[in-house]
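Here is how the chains run, residue by residue.
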Amino acid sequence: MTLEPAEGVVQAVVLYDGRLLLAERGEGWRLPSGAPEQAEPAEATAARVVYELTGYLVDGTESLTPQDGATAVVCQLLSESPSDGARLAPDRLRWASLAETADADLPAVVRTYLEGHTPV
């Protein structure tokens, strides 16, 4: 498996206990996201961005097939508590049930993934 450098914005899909990690960005709740560093694969970008923004340690495990220009990576949560120093304050983060994500600004590829995901 070869990891290709990411282009554009990478969005992280972090699921835990049937809930999705969202960050308040602009005027709504969105997936943690950011731009890749030079030659950085999407999986590494997603893990780095989640840690920098939220303090949660994750592992970018599965890139979703891009649709409508959105690059998204499913991430495995590795720490149940965030570390100090995150860019976003805790009140700007939310663990939303999948039913609550209807008001979130999610790309089509993520909505499709979540529709097929069964929370455990």
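So, here is what we can say about the structure in this document. Predicted model, so just to flag it, every value in this text is computed and none were measured.

## With respect to the overall build of the protein chain
- A tally of regular secondary structure across the protein chain gives 2 helices and 7 strands.
- The C-alpha atoms of the protein chain give 13 Å as radius of gyration, which agrees with the globular expectation for 120 residues (14 Å, within 12%).
- Dimensions along the principal axes, computed over C-alpha positions, put the protein chain at roughly 35 × 35 × 30 Å.
- Taking as baseline every contact in the protein chain between residues at least 6 positions apart, the subset at least 24 positions apart corresponds to 63%.
- For the protein chain, the exposed area adds up to about 6700 Å²; of that, 48% sits on carbon and sulfur atoms.
- For the protein chain, the separation between the mean place of its 8 positive charges and that of its 19 negative charges on side chains is 6 Å.

## Considering the nonpolar core
- Ranked by internal contacts, the top residues of the largest apolar core, which has 17 residues, are Val13, Leu20, Leu22, Leu106 and Val110.
- Elements supplying a minimum of two residues to this core: strand E1 (10–16), strand E2 (19–25), strand E6 (70–77) and helix H2 (108–115).
- Ranked by size, the runner-up nonpolar core spans 14 residues in total, among them Val14, Ala47, Cys75 and Trp95.

## Here we look at the pairing of E1
- With 6 of 7 residues buried, E1 lies mostly within the body of the structure.
- Bridging between E1 and E6 involves 6 bridges; their strand directions are parallel. Residue glutamine 11 lies in a different strand from E6, and its bridge partner there is alanine 72.
- One ladder, built from 2 bridges, connects E1 with E2; its direction is antiparallel. The partner of leucine 15 across the bridge, within E2, is leucine 20.
- The antiparallel hairpin formed by E1 and E2 contains 2 residues in its connecting segment, where aspartate 17 sits at a positive phi of about 55°.

## A look at unusual backbone geometry
- For aspartate 17, which is not a glycine, the phi torsion comes out positive at approximately 55°.
- Relative to the elements of secondary structure, aspartate 17 occurs in the loop between E1 and E2.
- For aspartate 17, a relative accessible area of 52% puts it in the exposed group.
- Positive phi values are uncommon outside glycine, yet alanine 39 reaches one of about 65°.

## Topic: the pattern of salt bridges
- Tallying each qualifying case throughout the model produces 4 salt bridges.
- For glutamate 40, the salt bridge identified is with arginine 48, shortest N-O distance 2.9 Å. For the pair glutamate 40 and arginine 48, a shared accessibility class is recorded, and that class is buried.
- Note that glutamate 52 and arginine 48 form a salt bridge whose closest N and O atoms lie 3.2 Å from each other. Of the two residues, glutamate 52 and arginine 48 both sit in helix H1 (residues 42–54), 4 residues apart, roughly one turn of that helix.
- Relative accessible area serves as the criterion here: at 18%, arginine 48 is assigned to the buried category.
- The network of salt bridges with common partners includes Glu37, Glu40, Arg48, Glu52 and Arg87.

What counts and what doesn't
- Numbers given for residues are sequential positions, taken from 1 along each chain in its written order.
- Two thresholds apply to this predicted model, a pLDDT of at least 70 for residue-level local features and 80 or more for giving and counting side-chain atom pairs, whereas whole-chain, interface and lining totals are computed over all residues.
- Side-chain numbers come from the whole structure's heavy atoms, not from hydrogens or water.
- The secondary structure listing takes helices from DSSP runs of H or I that are at least 4 residues long and strands from runs of E that are at least 2 residues long, numbered from the N terminus.
- As a reference, a globule follows 2.2 Å times the number of residues to the power 0.38, and the radius of gyration itself is taken over C-alpha atoms.
- A contact between two residues is defined here by any heavy atoms of the two lying within 4.5 Å.
- The Shrake-Rupley method, run with a 1.4 Å probe sphere, supplies the accessible areas, and residue values consider only the shown protein chains as cover.
- Under this rule, positive means Lys or Arg and negative means Asp or Glu; His and the chain ends count for nothing.
- Here the site of a charge means atom NZ of a Lys, CZ of an Arg, CG of an Asp or CD of a Glu.
- Among the buried residues, those of types Ala, Val, Leu, Ile, Met, Phe, Trp, Tyr and Cys that are joined through side-chain atoms within 4.5 Å form a nonpolar core.
- Only protein chains enter the accessibility calculation, which uses a 1.4 Å probe. A residue is then buried if its area is under 20% of the maximum for its type, exposed if over 50%, and partly exposed in between.
- The pairing criterion is simple: DSSP has to find at least two bridges between the two strands.
- The salt bridge definition used is simple: a Lys or Arg side-chain nitrogen within 4 Å of an Asp or Glu carboxyl oxygen.

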